[in-house]
Amino acid sequence: MLRNYGNLLKRQKHSIFAKMSSGGTITNWAGQDGEFRRQVSSFRESVSKEHPVFQPEIGRYHLYVSLACPWAHRTLIVRKLKGLEEALPVHIVGWLMGPNGWDFETDHGSTGEPLYKSPFLRNLYFRADPNYNARFTVPVFWDVKHHTIVNNESSEIIRFLNYEFNDLITDQKKKEVDLYPKDLRSEIDKWNDYFYNTLNNGVYKSGFATTAEAYERNVKVVFEALDKMEDLLKQTRGPYVLGDRLTETDVRLYTTIIRFDPVYVQHFKCNIGTIRHDYPHIHTWLRNLYWRHPAFFETTDFDHIKWHYTRSHTQINPLRITPLGPLPPIEPL
Ligand SMILES: N[C@@H](CCC(=O)N[C@@H](CS)C(=O)NCC(=O)O)C(=O)O
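The protein chain is annotated in an unreviewed UniProt entry as Glutathione S-transferase Gst3 of Schizosaccharomyces cryophilus.

Applying the stated criterion across every chain, the model contains 35 aromatic pairs. When the ring of Tyr61 is compared with that of Phe165, the centres are 6.2 Å apart and the planes differ by 85°; the resulting orientation is edge-to-face. Note that Tyr61 is positioned in strand E1 (residues 61-65) and Phe165 in the loop between helix H3 (154-163) and helix H4 (172-176), a separation of 104 residues in sequence. Centroid distance Tyr64 to Phe104: 5.7 Å. Interplanar angle 70°. Geometry classified as edge-to-face. Of this pair, Tyr64 sits in strand E1 while Phe104 sits in the loop between strand E4 (101-102) and helix H2 (121-128), and the two are 40 residues apart along the sequence. We note that Tyr64, like Phe104, is buried. Members of the aromatic cluster, joined through ring pairs, are Phe36, Trp71, Tyr196, Tyr204, Phe208, Phe223, Phe260, Tyr264, Phe268 and Tyr309. Against the face of Tyr194 rests Lys228, its NZ or CZ located 5.0 Å from the ring centre.

Phe141, Met229, Phe260 and Trp285 are the most contacted members of the largest nonpolar core, which totals 94 residues. Sort the elements by how many residues they give to this core and helix H7 (residues 212-236) lands first, with ten residues. Two domains each donate at least three residues to this core, and these are domain 1 (2-176) and domain 2 (182-312). With residues up to four places along the chain from it excluded, the contact list for Phe260 reads Val203, Val222, Phe223, Leu226, Val265, Cys270, Gly273 and Ile275.

Calculation criteria
- Residues numbered from 1 in each chain as written.
- Predicted model: local features only at pLDDT ≥ 70, side-chain atom pairs only at ≥ 80, totals over all residues.
- Heavy atoms only, no water.
- Phe/Tyr/Trp six-rings, centres within 6.5 Å; stacked < 30°, edge-to-face > 60°.
- Helix = DSSP H or I, 4+ residues; strand = E, 2+ residues; numbered from the N terminus.
- Buried < 20%, exposed > 50% of the residue type's maximum accessible area, 1.4 Å probe, protein only.
- Lys NZ or Arg CZ within 6 Å of the ring centre and 35° of its normal.
- Core = buried A, V, L, I, M, F, W, Y, C linked by side-chain atoms within 4.5 Å.
- Domains from an automatic or database assignment.
- Contact = heavy atoms within 4.5 Å.

Shown next, in the form of structure tokens:
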């Protein structure tokens, strides 16, 4: 199947008008009503001891991520929190999403694709399913044994990373990290669901809207959600969103909030306020995670984040000039 995609080898990384094979542009996500709708992920298996095919094993699975992408970023954080760096190798796509989607450039910390030397992420999708006809998204949780995608939905990947590899983790402290403890599950589910619709995906609905009405409707929801998050942190008194334990909800919110001032404020027009000036509790929570927790600090790459959004989304920023500010991208504690 890969042979049919030989023409994709011709990289057009700097083409401004990125065309998809379907005729639309790869950066055109909005429907006719101007509303952005995120597709439902296609590969939904879990790794577990009970699974007939995908059992936990060291080195058997590889993770493909973009450092720019908030969904992929979740998986990088959880991988580090659980001490799975050696068990689960990571490959990082180029920061620019060009005409053929994510590629495997090797500059600025992007690693290339060592398993099959694929030029593009889409090659992996077609290797897993020659008839695949949806978007080629990161993260991808890949099984080296069966040469296929186990899962491409970040919320599910972080869920099975939380427990299913525990027997293979040697660092006792990291093995005990539990981001989805039984007594907090209903709270976590409730907030995950709310913040997914309003904030994690809300910033995209604001930024990718193609009518003023759709933009205004969605940007207001984003700021209502930030107000709610601020109140929640005030109530629980932190240092984490649900109190004194770090949970999935923190991981999922962090990857959106760390991008907020540097990118979403100007690029997605989420500029009713900023985290640093208008949300003191969120600002403290964010800086605490970034500066005091290596799993957050070490997985955050402001260059990939800023370059990716501002130079890939040419429908929003046709001249692809990346704004310099805010400086610094995150303030000290
Ligand atoms: N629901 C997915 C969403 C993943 C997603 O949308 N990733 C974006 C990057 S931020 C992507 O790879 N987009 C490529 C495309 O849509 O062509 C998840 O959470 O894993």
